[in-house]
Amino acid sequence: MFGSEREYKQLDELRSYFGEKAAFYFAFLAHYTKWLGYIAIPSALALVLQLIPASWATEPGQQIGWTGFDNVLVPWFSLGIALWATFFLESWKRQESILAFIWDCRFYEQKREQKLRPEFCRNPDTQLQYGFYTKNGNFVSGGRRASPYFPRRARLVRMAQSFSLVIVCLLCLVIATLSTFVFRAFLRVSDSYATFLRNFHGESAGSISDDLAVDSTSSFIQATFNLLFIVIFNSVYRKLALKLTQWENHRTSKSFEDAFIIKAFAFTAVNSYISLFYVAFVRSSRPQLFGITTFEGRELIDACTNRTYSDGSGLENDCMFDLFVQLVIVMLGKQTGRNFMNIGLPYLVRWFRNRSFRLKRLERIKLGKQMAEASGGDASAAAAEALVVAPRLDDGDRLDELEGFEKIELESNLLPAQSLLYEYNEMAIQYGYVVMFAAAAPWTSFFCVLSNMIERRTDGTKMLYGKQRMRYEGAAGIGTWYAVFESLSLAGIIVNAFIIVFTSQVFFLSLDPFLPYVRAHSSHISPFKFFYSRSACVMS
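What this report covers is the structure whose coordinates are included nearby. (Residues numbered from 1 in each chain as written. Predicted model: local features only at pLDDT ≥ 70, side-chain atom pairs only at ≥ 80, totals over all residues. Heavy atoms only, no water.)

With respect to the overall build of the protein chain
Stage number 1. Along the protein chain, the regular secondary structure elements total 19 helices and six strands.
Stage number 2. A buried classification covers 46% of the 540 residues belonging to the protein chain.
Stage number 3. In the protein chain, the share of contacts with a sequence separation of at least 24, taken over all contacts with a separation of at least 6, comes to 76%.
Stage number 4. In the structure as shown, the protein chain presents an accessible area of about 27,700 Å², 62% of it carried by carbon and sulfur atoms. (Helix = DSSP H or I, 4+ residues; strand = E, 2+ residues; numbered from the N terminus. Buried < 20%, exposed > 50% of the residue type's maximum accessible area, 1.4 Å probe, protein only. Contact = heavy atoms within 4.5 Å. Areas by Shrake-Rupley, 256 points an atom, 1.4 Å probe, with all protein chains shown as cover.)

Concerning the packing of aromatic side chains
Stage number 1. One pass over the structure, following the stated rule, counts 30 aromatic pairs.
Stage number 2. On the numbers, 6.0 Å between centres and 50 degrees between planes, the contact of F28 with F88 is tilted. You can see F28 sitting in helix 2 (residues 20-38) and its partner F88 sitting in helix 4 (residues 74-102), a full 60 residues away along the chain. No difference in accessibility class separates F28 from F88, as the two residues are buried.
Stage number 3. Over the face of the ring belonging to F256 we find R117, whose NZ or CZ atom lies 4.2 Å from the ring centre.
Stage number 4. The ring of Y17 has R469 lying over it, and the distance from NZ or CZ to the ring centre is 4.0 Å. (Phe/Tyr/Trp six-rings, centres within 6.5 Å; stacked < 30°, edge-to-face > 60°. Lys NZ or Arg CZ within 6 Å of the ring centre and 35° of its normal.)

Focus on the packing of helix 14 (residues 420-436) against helix 15 (residues 444-466)
Stage number 1. At a minimum axis separation of 11 Å, helix 14 and helix 15 run at an interaxial angle of 170 degrees. In terms of orientation, helix 14 and helix 15 fall into the roughly antiparallel class. Residues E423, Q430, Y433 and V434 of helix 14 form the contact with helix 15, whose own contacting residues are T444, S445, C448, S451, N452, E455, D459 and K462.
Stage number 2. Considering only residue class, the contact of helix 14 with helix 15 consists of three nonpolar, five polar and four charged. (Axes fitted to C-alpha atoms, helices over the stretch in contact; angles between N-to-C directions. Parallel < 35°, antiparallel > 145°, perpendicular 65-115°, else oblique. Nonpolar A, V, L, I, M, F, W, Y, C, P; charged D, E, K, R; others polar.)

Scope: geometric values only; no functional claims are made or implied.
Encoded structure:
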């Protein structure tokens, strides 16, 4: 978070050591966390209201109240998030211009568009041809100077082939995600699973129906499998997207990054959001997946959790609860995995490699002493100094305690630096959770404040001690990622409106003229069908 002289000084130090690109990343992360703090308290209060059972704040027979996962405050919080997202991006645009002016890098992107990538020049498919490039990137043949050249038509063909492969990967992803929901549907109708839960937990307590335990635990298991699929697919596709973008042989760094951002974010977004969209907009219609109709003599459908109570309160088709479970498992699991990848994995790799490095040094010291004793002299000064320094490697692995080639050798044991594109990608996915699913999980804002505070520390520790120093790169801002965040803000308005109308039953039950019809058919009609049927009646 910046604004004071001390905070600007910290950003200047980051810029001097890592470059403007890293400095803008940390500036945006701090600005994003600061604005999340503005809605953290309302988000925490909304979480408290969601965790209070609906039966505590509703009258007998009343389905919607001030508490529960689907309550009357959902539309108002969604409206507040939409306004917050707009003001946040406009505020960052102003702050980005200020930093670019202070660091004198406002016109860096214009220079960057003309600079050739070293990988483009070294690519075997790139040929030397007499001509030059215009400011628009067009190649003009002629002249006496040879320039690296790769036909635009060949690049477009490769991009089309890459796009086809991405579509195949997305189809595989959709099938894998739907398979987790099929597994949940099997658990919901399985007598053996219900018997296992009954023996494990005993009889159902209180006023909660017996189906609630089956629905809740099956949703938890499905969300856990979905989280595993998200992590595995993201890690595999990240390497594939990088290989495909390199194969396309882009001429400039900006075009290379833009192509990689489109591939990486598109797949990661589908991978992260498809299960949430399915729960919000498809599961309420009780679909039969993959043509499977029955199991153990019972109808196999994927329906939302049944959260009804003996006094008539609660909801029979509570998709908002299922959205809540999905977001809790996915966001907590992904943040835990990111913290391990940022701190745990680099530390383990560094410990194993440094241990090997220390053993090699001790072997060299022992060999030096043997050679010195064989020649009738004492151990060399370098060996004696190494005997003092070597044990320190087990304590803190402080690189600044070593000098010369020993420090270089120890730094070479660190993992290679990771591009900031992956960090922006994860931040954009998190921003999508906040702005697109505020109606179902308003608590995400509060969680993301805590998560980002940890993220700032782990990213700094990783970049300074956990991995090799990243290449110094300039920038005039966050670049294409601003358009990504802006698109997510627009999508958030649309998705929240659809969740309020089609998933949440606040709007569904507030249609007073049709309320008797709703109560009579709410057990077997989806909000989609009801909304369309009632709209047709009104229009006719």
